[in-house]
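Summary of the model geometry
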Amino acid sequence: MAIRAIYPPGARHEAAEICLKCGVCCNVAHSCHVVYDLRFNPRYTFVYDCLASEKGASNPNIWLCVSCHKCEETCPYDVSPINFIEALKAEALSGGFVHPTIRAEVAQIVSTGFAFPITGATERQRQGLNLNPLSSQAVADLGRIAEKTGLATRLKEEQP
Amino acid sequence: MRFAIFLGCFIPVRLPHIEAVARRVLPQLGVDLTDIEGFSCCPEPVGFLTDRITGLAVAARNLSLAEEAGLDIITLCNGCTYTLRQANQTLKRDTALREKVNGVLAETGHRFRGTIEVRHFAQVLHEQVGLEKIHSVVKKPLSGLKVACHPGCHILSPPETMGFDDPLNPVVLDFMVSALGAEPVDWDRKTTCCGWTLTNYGDKESANRLLGAKLDAMHAAKADCSAVICPQCFYQFDTGQMLAARELKLEYRVPTLYYLQLLALAMGRGLDEAGVRQHRVKDPALEEKLGRLTA
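Everything numeric in this text was worked out from a predicted model, so none of it was measured.

All right, on to the pairing of strand β7 (residues 225-228) of chain B then. Residues and elements named next belong to chain B. Taking every second residue as pointing to the same face, both faces of β7 are buried, with C225 and A227 on one and S226 and V228 on the other. Pairing geometry for strand β5 (residues 146-150) and β7, over four bridges, is parallel. Bridge pairing links C149 to A227 in β7. Note that β7 and strand β8 (residues 256-258) share three bridges and pair parallel. In the strand pairing of β8, V228 is matched with Y258. The parallel pair β7 and β8 is bridged by helix α12 (residues 231-248), and the resulting crossover is right-handed.

The subject of this paragraph is the interface of chain A and chain B. Taken together, the contacts link 47 residues of chain A with 48 residues of chain B. Taken together, the elements giving at least two residues each to the side of chain A that touches chain B come down to α3 (70-74), α4 (81-95), α5 (100-112), α6 (120-128) and α7 (139-149) of chain A. Element by element, the count of residues in the side of chain A that touches chain B is highest for α7 of chain A, at seven residues. Taken together, the residues of the side of chain A that touches chain B break down into 24 nonpolar, twelve polar and eleven charged.

Now for the sheet that holds strand β4 (residues 118-120) of chain B. Residues and elements named next belong to chain B. Sheet architecture is open: four strands sit in the order β2-β1-β3-β4, paired in parallel fashion. Each of the sheet's edge strands pairs with one partner strand only, and the pair in question is β2 (32-34) and β4. Averaged over neighbouring strand pairs, the angle between their axes works out to 45° when direction is ignored. Strand direction decides the pairing type here: strand β3 (residues 73-75) and β4, joined by three bridges, are parallel. Residue pairing for β4: I73 is matched across the bridge by V118. Contacting β1 (2-6), β3 and β4, helix α4 (residues 78-93) crosses the sheet at an angle of about 160° to β4.

Another aspect to go through is unusual backbone geometry. Of all residues except glycine, most have a negative phi; of all peptide bonds, most are trans. Of note, the bond from C42 of chain B into P43 of chain B is cis; its omega dihedral lies within 30 degrees of zero at 10°. In this fold, P43 of chain B is placed in the loop between β2 and α3 (52-69). The backbone phi angle of S67 of chain A is positive, close to 55°, even though this residue is not glycine. Tracing the chain through its elements places S67 of chain A in the loop between α2 (42-51) and α3. Judged by local crowding, S67 of chain A falls into the buried class, with 20 C-beta atoms found within 10 Å. Here the phi dihedral of K222 of chain B falls at roughly 65°; this positive angle occurs in a residue that is not glycine. Along the chain, K222 of chain B falls in the loop between α11 (204-220) and β7.

This brings us to the domain arrangement of chain B. Residue and element names in this part refer to chain B. When cut into domains, chain B gives domain 1 (2-121) and domain 2 (130-294). Each of domain 1 and domain 2 was reduced to a C-alpha centroid, and the two centroids are 25 Å apart. Contacts between the two partners involve 24 residues from domain 1, matched on the other side by 25 residues from domain 2. Those elements that place two or more of their residues in the side of domain 1 that touches domain 2 are α1 (10-14), α2 (16-25) and α4. Considering only residue class, the side of domain 1 that touches domain 2 consists of 13 nonpolar, eight polar and three charged.

Reading the values: the criteria
- Each residue is numbered by its place in its chain's sequence as written, counting from 1.
- Each chain gets a letter, beginning with A, and each ligand a number, beginning with 1, in the order they are written.
- Given that this is a predicted model, residues contribute local features only at a pLDDT of at least 70 and side-chain atom pairs are listed and counted only at 80 or more, while totals for whole chains, interfaces and linings are drawn from all residues.
- To sort residues by exposure, count the other C-beta atoms lying within 10 Å of each residue's C-beta; 20 or more gives buried, 12 or fewer gives exposed, and values between give partly exposed, all with C-beta atoms placed from the backbone.
- Note on conventions: DSSP H or I runs of at least 4 residues are helices, E runs of at least 2 residues are strands, and numbering of each starts at the N terminus.
- For two strands to be treated as a pair, DSSP must find no fewer than two bridges joining them.
- A crossover counts as right-handed when, viewed with the strands pointing away from the observer, the path leading from the first strand over the helix to the second turns clockwise.
- Two residues qualify as a contact pair if the distance between their C-beta atoms, derived from the backbone, is within 7 Å.
- When residues are sorted by character, Ala, Val, Leu, Ile, Met, Phe, Trp, Tyr, Cys and Pro go into the nonpolar class, Asp, Glu, Lys and Arg into the charged class, and all the rest, Gly among them, into the polar class.
- The axes used here are C-alpha line fits, helices contributing only the stretch in contact, and every angle between their N-to-C directions lies in the interval 0 to 180 degrees.
- Throughout, the edges of the domains are those of an automatic or database domain assignment.

Below, the structure is given as structure tokens:
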């Protein structure tokens, strides 16, 4: 029996139509399920989370995808599993099922220009290596970009 | 040849000793570096999956700063290379999207024109400097040093964007290590992910298992150390290994070196100058071996 693709409203997973569930994506170079986690591999994540579930994006297992692209390199049908998983991650972000690290990181980038906090230890280490202090020159421009695209508003709304 | 150096976040914030090494050794190979005021995070792509225009605008702003200086970008990070090359390629090809992104970018007084290229330092060293030139600056060949080369995922894939080596059978880093007189080992699991992303967004236990499998394979191949060209991979193999050692019950350690550190050592710089003593994973046997080779 053919598996019918169920698309969440507004989502686009056209490539799902050509996935034959052959499993080649899961069997390359000790890829996903063999090595690190039985809960996730591209094939099962497709079938259960992408094709057969209307709430795939709320499954925390999608965050186990490391975006290594190995599945994309080996897929014989150009399905590019990573595109599904990134689409699910995007749905998750829109739907509020987000790993807290990601939300914090976006706010951090917009407010400082860097993805990681700059601590006193960082500055001391840089000074010891005769490296210039880190610049915050980008912050004004990033603020303007975030205002223009609406990201700044969303970040304010999402503040706990 | 001169490039705008794009440091990204990870190296200047968490691994500044690698920035220091890069600034010392690259000019000695004829790769001159210009600092551009105002570069930001590339940006890290996952957080911008739902906000593609913002992500592209941030990347386009970085690209436009280098364009204004008339310089191609050189990076020290697989992730930055991946993000900036993808944005550069997409915006050069898709004129409608470029105009949309430039509409946002206009707020900052910059404009993406599509006039430069983005290259990882490994691409520059392999393709523009050349292995012969690298070999010619070696004063202290790293003879007998066995190295497990781990190029990382995002310098290899997707190949149509990255244009570097074979994603399923990468060999370029091995050639670059050989040019220093060291011996790249053949090891299993060379192409699997280091696990950094899992540590960050996924599940630390899974990340540790992935890391442990890779370290076991390096150890089985009798590697003295691994060589990396990406700060995330470096962090995972260094700090990550230190943190996971107890859970993994590791009875050995496989220290890691960023390729430019190996290059610095082979060029006659000492362990301190190459930043090796800043690492979390210490192996007296490796330090003794490197000390002897570079004496």
